[in-house]
Amino acid sequence: MYKGIAASRGIGIGSICRIIEQDLSFEAKMVSDVAAEKARFQKAIDDFVEETYAMAEDVKKNIGEKESEILLGHAVMISDPSMSGEMFSMIDAGQCAEAALTGVCDMFYGIFSTMDDEMMKQRASDIADVKVSILKKLLDVKDIEISKVPKGTVLVCKDLTPSMTSQIVKENVVGIITEVGGPTSHSAILARALEIPAVLSVPGIVDLVEDKDAAIVDGTAGDVFINPEGDVLAKYVDKREEFIKKREELKKFIGKDTLTADGDKLEIFCNIGTPKDAKKAMECDGEGVGLFRSEFLFMDNTHLPTEEEQFEAYKEALETMQGKTVIIRTLDIGGDKDIPYMDFEKEENPFLGFRAVRYCLANPDMYKVQLRAITRASAFGKAKIMVPLVTTVDEVRAVKKLVAEIKDDLRKEGIPFDEGIEVGCMTETAASAAIADLLAKEADFFSIGTNDLTGYTMAVDRGNAKVAYLYSAFQPAVLRSIRQIIAAAKEAGIPVGMCGEAAADPLMIPLLMSFGLDEYSVNPVLVLTARSIISKWSKAEADALAEKVMAMDNIEDVLAALKAAAKE
Ligand code: PEP
Ligand code: MG
């Protein structure tokens, strides 16, 4: 068995077709007829752009608009004067088109690929993809016809580029294995959109297999089997059936309310990082956005985003959600989230330091820009403001005071906004759990951030392997905190949601139902799974399980009891 990164869920069983990289070597030479060389290069670019637009159109029809934008990005990239202009200058200086293309692309690749940022790394691989496509045109190397592979094919290649992925015929390709690429790479996004199981980053796989070898691709676990034994094959044939059955079952929850087995209505919201993700939340049938991590607007930037830039981003998310709630968390930086241009001072203990609401309240001018942008955007949908890392009631009061000042200003300026915009509290610290009753009097809503609540309750640094065994939301201490926060919200009559990873955990859901959680905010791809689990539990069943589990004094017993009762 080979291990890789699980990039697209499901089990694929089929016969391997290797996509061997073609020879794109060339001899760099000086050209004397510069005009002719520029015309040759321009033609290669024009052909590439034309083909890419046609491919993007196909992808838009067959896969989706968001996925087609990946390809359109390639066409835009090569048309960008900072790229092609530089290449033409090199040809002006007598270099051949191949050398100019390679020189400039490799330079940009070098810059982006070393950056410690997933988006920048993705940009590097897009540049490499564009380079190869245009080089093939210049060298007149024909593409392998991925669109012609037979039914039951498992594609094996070094890297599956978006241009290759867009040629895949969904009915014929049952699995994808590559040597490079991560879970957020464009090829992974496309594989998921096509619902083809994919395992990426399997070292050396292209040379380890032959064409027509039998292969199993477990895109859920990230496992690959080549020429498996009969019993392994039989096991995975069953697994594949089970996966397909489950996926079909989930489809019946599309467009439905989230109802418990008793018919009580709950809500499944989505966690998003960018306004574009709101589309995904809608596509996945989310009933709202329970956490918009606004820090991505700051992290994917070279400057503090202006009020206008932020306003546009929040407005886009709100408009995309078409009147459904969007809870925008104000800037949560510091700790593990650094922003280079903001010049944070190094701290001994950043997770216990100057971060999130603490930093924002100490920089009110900057914070007010964000609060004003959100408040203005509230005219375009149902926006709510959420304050991260709260540890005192005064923090919530201070934010509400700023929001009140902003509302006054907007009223005077005649700028529209939602007068009833709510200010809620992210309960993710041990302090917020301890004073949940007091916070509930000041906050309009709660959202439990179990990712941090677990760390701060258990006093565990997630990055420290020696204490990782303590980092679990199923620890009795964390479960008690969660129960206490929900109870305080109920007592005060305010809504309570959860936006930490635990909200989507099938084992956790019955407990949360018993505690009385109203809103579950999950990764968009998990909306239907969460809705399905909720549909299987009645309040009485969930209460009986919770009563048993909450009396247990160790995580092993808790997990064993939850697993024994699980309904998947
Ligand atoms: C959390 O802490 O549970 C949470 C959702 O916030 P983040 O993961 O962004 O810190
Ligand atoms: Mg958090």
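Bear in mind the structure is a predicted one, so any value in this text is a computation, not a measurement.

Our focus in this paragraph is the sheet that holds strand S8 (residues 223–226). The strand order S1-S8-S7-S3-S4-S5-S6-S2 describes an open sheet built from 8 strands, whose pairing is mixed. One side of each edge strand has no neighbouring strand; the edge strands of this open sheet are strand S1 (2–3) and strand S2 (5–8). Note: strand S3 (residues 11–19) against strand S7 (residues 214–218), 5 bridges, orientation antiparallel. The residue of S7 that forms the bridge with Ile-11 is Asp-218. Of the strands in this sheet, S2, strand S5 (173–178) and strand S6 (198–200) touch helix H7 (residues 186–194), which is tilted by about 50 degrees from S2.

Looking now at the environment of Lys-466. One can find Lys-466 in the loop between helix H18 (450–458) and helix H19 (476–492). Overall, Lys-466 belongs to the exposed group, its relative accessible area being 72%.

This paragraph deals with a nonpolar patch on the surface. On the surface, Met-107, Ile-111 and Met-115 cluster together to form a nonpolar patch covering roughly 250 Å² of accessible area. One can find Met-115 in the loop between helix H4 (97–113) and helix H5 (118–139).

Moving on, we get to the domain arrangement of the protein. One frequently used descriptor of interface size is the decrease in accessible area upon assembly of the parts. Parsing the protein into structural domains produces domain 1 (2–21 + 145–250), domain 2 (34–139) and domain 3 (254–565). Here domain 2 and domain 3 have C-alpha centroids that lie 40 Å from each other. With 5 residues of domain 2 at the contact, the number on the domain 3 side is 4 residues. Each partner contributes to the roughly 370 Å² buried at the junction of domain 2 and domain 3, and carbon and sulfur atoms together form 47% of this total.

Those donors, Glu-428 (OE) and Asp-452 (OD), are the protein atoms that reach the magnesium ion (ligand 2), and they lie 2.1 to 2.2 Å from it. One end of the pair, Glu-428, is in the loop between strand S14 (422–427) and helix H16 (430–434); the other, Asp-452, is in helix H18, and 24 residues separate them in sequence. Judged by its relative accessible area of 2%, Glu-428 is buried.

Right, let's get into the state of the cysteines. A disulfide bridge is the covalent bond that connects two cysteines by way of their sulfur atoms. Taken as a whole and assessed by the stated rule, the structure comprises 0 disulfides. Distance from the sulfur of Cys-17, which forms no disulfide, to the nearest cysteine sulfur (Cys-157) is 9.5 Å.

Next up on the list: the site of ligand 1. Near ligand 1, the surroundings consist of 12 residues, among which Arg-293, Arg-329, Gly-449, Asn-451 and Asp-452 are the closest. In this structure, an oxygen atom belonging to ligand 1 sits 2.9 Å away from a side-chain N or O atom of Arg-329. Contact distances for ligand 1 include 3.1 Å between an oxygen atom and a backbone N or O atom of Thr-450. In the complex, the protein chains occlude 94% of the 290 Å² of accessible area that ligand 1 would expose alone. At the level of elements, strand S11 (289–293) and H18 are the ones that each hand at least two residues to the shell around ligand 1. Ranked by residues supplied to the shell around ligand 1, first place goes to H18 with 3 residues. Across the shell around ligand 1, the residue classes break down as 3 nonpolar, 4 polar and 5 charged.

What counts and what doesn't
Residues numbered from 1 in each chain as written. Chains lettered and ligands numbered in written order. Predicted model: local features only at pLDDT ≥ 70, side-chain atom pairs only at ≥ 80, totals over all residues. Heavy atoms only, no water. Pairing = 2+ DSSP bridges. Helix = DSSP H or I, 4+ residues; strand = E, 2+ residues; numbered from the N terminus. Contact = heavy atoms within 4.5 Å. Axes fitted to C-alpha atoms, helices over the stretch in contact; angles between N-to-C directions. Buried < 20%, exposed > 50% of the residue type's maximum accessible area, 1.4 Å probe, protein only. Patch = residues over 30% accessible without salt bridge, like charges linked within 9 Å, V, L, I, M, F, W, Y side chains within 5 Å. Areas by Shrake-Rupley, 256 points an atom, 1.4 Å probe, with all protein chains shown as cover. Salt bridge = Lys/Arg side-chain N within 4 Å of Asp/Glu carboxyl O. Domains from an automatic or database assignment. Buried area = accessible area lost by both parts, 1.4 Å probe. Donors = N, O, S within 2.8 Å, 3.2 Å for Na, K, Ca; no water. Disulfide = S-S within 2.5 Å. Near = heavy atom within 4 Å. Polar contact = N/O pair within 3.5 Å; in protein donor to acceptor, adjacent residues only side chain to side chain. Nonpolar A, V, L, I, M, F, W, Y, C, P; charged D, E, K, R; others polar.

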